[in-house]
Amino acid sequence: MATAVLAVLWLFWASGGTLGLNTAFHSRDLNSRLLLGNGALWALLGGWSLRVLAGNAGDRLPLWLPMTTGFIASGSLFAWSSWKSVWAVLRPGDYEPLEHPAIAVVEHGIAMDAGIAILSLLIRVHRARAATHAAAKANRPTAG
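All of the points below concern the structure found in this document. If you're wondering where the values come from, they're calculated on a predicted model, not measured in any experiment.

1. Description of the side chain of His108
Right, on to step 1. Of note, His108 is situated in helix 4 (residues 101–139).
Right, on to step 2. Excluding its chain neighbours within four sequence positions, the residues that come into contact with His108 are Ser81, Lys84, Ser85 and Glu99.

2. Some details on the environment of Gly47
Right, on to step 1. Considering the arrangement of structural elements, one finds Gly47 in helix 2 (residues 30–53).
Right, on to step 2. Each C-alpha atom of the pair Gly47 and Ala4 lies 6.9 Å from the other, and the pair is 43 residues apart in sequence.

3. Examining the nonpolar core
Right, on to step 1. Leu6, Trp10, Leu36, Ala43, Leu53 and Leu77 are the most contacted members of the largest nonpolar core, which has 19 residues in total.
Right, on to step 2. Of all the secondary-structure elements, those providing two or more residues to this core are helix 1 (2–14), helix 2, helix 3 (64–90) and helix 4.

4. Some words on the packing of helix 1 against helix 2
Right, on to step 1. In contact at an axis separation of 8 Å, helix 1 and helix 2 are set at 160 degrees when each is read in the N-to-C sense. Taken as axis vectors, helix 1 and helix 2 run roughly antiparallel relative to one another. Helix 2 is crossed by helix 1, and the crossing has left-handed handedness. Residues Thr3, Leu6, Ala7, Trp10, Leu11, Trp13 and Ala14 of helix 1 lie in contact with helix 2, whose contacting residues are Arg33, Leu36, Gly37, Gly39, Ala40, Ala43, Leu44 and Gly47.
Right, on to step 2. Residues that form the contact of helix 1 with helix 2 fall into these classes: ten nonpolar, four polar and one charged.

5. With respect to the packing of aromatic side chains
Right, on to step 1. Applying the stated criterion to the full structure yields two aromatic pairs.
Right, on to step 2. Taking 5.2 Å as the distance between ring centres and 85 degrees as the angle between the ring planes, the aromatic pair formed by Trp80 and Trp83 counts as edge-to-face. Residue Trp80 and its partner Trp83 are located together in helix 3, separated by three residues, close to a single helical turn.
Right, on to step 3. Taking the relative accessible area as the measure of exposure, Trp80 reaches 36% and is therefore partly exposed.
Right, on to step 4. Where Trp83 meets Trp87, the ring centres are 6.4 Å apart and the plane angle is 90 degrees; that geometry is what we call edge-to-face. With a gap of four residues between them, Trp83 and Trp87 both fall in helix 3, about one helical turn apart.
Right, on to step 5. Look at Trp83 and you get partly exposed, because its relative accessible area is 40%.

6. Considerations on helix 4
Right, on to step 1. With 39 residues, helix 4 ought to run about 57 Å at 1.5 Å a step, and its terminal C-alpha atoms sit 57 Å apart, in line with that.
Right, on to step 2. Looking at helix 4, one finds that the buried residues are Ala104, Glu107, His108, Gly109, Ala111, Ala114, Gly115, Ile118, Leu121, Leu122 and Val125.
Right, on to step 3. Against helix 1, helix 2 and helix 3 lie the buried residues of helix 4.

7. Here's the deal with the packing of helix 3 against helix 4
Describing two packed helices takes the angle between their axes plus the distance from one axis to the other.
Right, on to step 1. Two elements in contact, helix 3 and helix 4, have axes whose closest approach is 8 Å; the angle formed by their N-to-C orientations is 150 degrees. Judged by the inter-axis angle, helix 3 sits roughly antiparallel to helix 4. In the crossing of helix 3 with helix 4, the sense of the turn from one axis to the other is left-handed.
Right, on to step 2. Residue composition of the contact of helix 3 with helix 4, grouped by class: 17 nonpolar, eight polar and one charged.

Parameters at a glance
Residues numbered from 1 in each chain as written. Predicted model: local features only at pLDDT ≥ 70, side-chain atom pairs only at ≥ 80, totals over all residues. Heavy atoms only, no water. Helix = DSSP H or I, 4+ residues; strand = E, 2+ residues; numbered from the N terminus. Contact = heavy atoms within 4.5 Å. Core = buried A, V, L, I, M, F, W, Y, C linked by side-chain atoms within 4.5 Å. Buried < 20%, exposed > 50% of the residue type's maximum accessible area, 1.4 Å probe, protein only. Axes fitted to C-alpha atoms, helices over the stretch in contact; angles between N-to-C directions. Parallel < 35°, antiparallel > 145°, perpendicular 65-115°, else oblique. Left-handed = near helix turned anticlockwise from the far one by under 90°. Nonpolar A, V, L, I, M, F, W, Y, C, P; charged D, E, K, R; others polar. Phe/Tyr/Trp six-rings, centres within 6.5 Å; stacked < 30°, edge-to-face > 60°. Expected span 1.5 Å × (residues − 1).

Spelled out as structure tokens, the structure:
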């Protein structure tokens, strides 16, 4: 859910929406729109991997696909928003975030939480699969 909210918000801003943006300090150029679109893409892919790994879709997909996608999305959401939230709070020098500062803090907090949630699910799925694999290996008859 959080990844969908972030994706919609970032796609809205990337497509030209200004609600919540600090337009007095920034004019968005192609680079800022591409960065917002990139964030939206990884939020969507992270939400997709959560859905697949939670068992709601994609039973015929190889496990590595949602695991890899989720890992990259988790890192993107958490790391990118972590440093951006520090800049939004501390605002060193003349830095002004693209968003209004309060919106930036909430937005990046949600993105960091989503990144942690995705990584947490990835770890749980990996441990469950490893335990299942180990149990199956232990129950195999040995040649002798």
